[in-house]
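Overview (structure and organization)
Here's the letter readout for the chains.
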Amino acid sequence: MTEHAFHPALGDVELTRILAALADPGRLRAVRTLAESSGAACTELQVLAGLTVTKSTMSHHLRIMREAGLVHVTVCGARRVVTLRRDELDDAFPGLLDAILGWPGGVA
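Residues numbered from 1 in each chain as written. Predicted model: local features only at pLDDT ≥ 70, side-chain atom pairs only at ≥ 80, totals over all residues. Heavy atoms only, no water.

**A few points about the layout of surface pockets**
In this structure, the largest pocket spans a volume of roughly 190 Å³. In terms of lining residues, the largest pocket is bounded by Ala41, Cys42, Thr43, Gln46, Lys55, Met58, Ser59, Ala78, Arg79 and Arg80. Residue assignment for the lining of the largest pocket shows that the elements contributing at least two residues are α3 (42–48), α4 (55–67) and β4 (79–84). Counted by class, the lining of the largest pocket contains four nonpolar, three polar and three charged residues. (1 Å grid on protein atoms, 1.4 Å probe; cavity = no way out; pocket = protein on both sides within 12 Å on 5 of 7 lines; lining within 4 Å. Points joined across faces, edges and corners; volume = space filled by probe spheres on them. Helix = DSSP H or I, 4+ residues; strand = E, 2+ residues; numbered from the N terminus. Nonpolar A, V, L, I, M, F, W, Y, C, P; charged D, E, K, R; others polar.)

Here it is in structure tokens:
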């Protein structure tokens, strides 16, 4: 059975919340990684983005990104599949992701 975590409507999300979520270098790397893929399981995303964090820290990062409207998380049993809400973000904030993802600085 597939469950869905709470995902805010992007009309209810303030731009400052998105920018605050992306201010963390690890979350920015995760979003950049998702932008280049069709989605990933939580543990796969952690490896692909090069995040050396604990499981609880990764869960925290996912919650921040989900609540900011950046990602969609689908829960299937113990597995969480994460996808970037690219189309919705582009509609709500035209050019934002292109500007952020194309910016080379600030990622360690």
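**With respect to the confidence of the model for the chain**
Mean pLDDT over the chain stands at 85; residues scoring 70 or higher make up 91%. Ranking the elements of the chain by mean pLDDT puts strand β1 (residues 2–4) last, at 49, and helix α1 (residues 15–22) first, at 93. (pLDDT = per-residue confidence, 0-100.)

**Quick look at the pattern of salt bridges**
In the structure shown here, the tally under the stated rule is six salt bridges. Note that arginine 17 and glutamate 67 form a salt bridge whose closest N and O atoms lie 3.4 Å from each other. On the criterion of sequence distance, the pair formed by arginine 17 in helix α1 and glutamate 67 in helix α4 is long-range, its members being 50 residues apart. A residue is classified by how much of its surface remains accessible, and glutamate 67, at 21% relative accessible area, is partly exposed. Taking the shortest distance from any N to any O, the salt bridge between glutamate 67 and arginine 63 comes out at 3.1 Å. Remark: arginine 63 and glutamate 67 occur in helix α4; sequence separation between them is four residues, near one turn of the helix. Overall, the relative accessible area of 34% leaves arginine 63 in the partly exposed class. The network of salt bridges with common partners includes Arg17, Arg63 and Glu67. (Salt bridge = Lys/Arg side-chain N within 4 Å of Asp/Glu carboxyl O. Buried < 20%, exposed > 50% of the residue type's maximum accessible area, 1.4 Å probe, protein only.)

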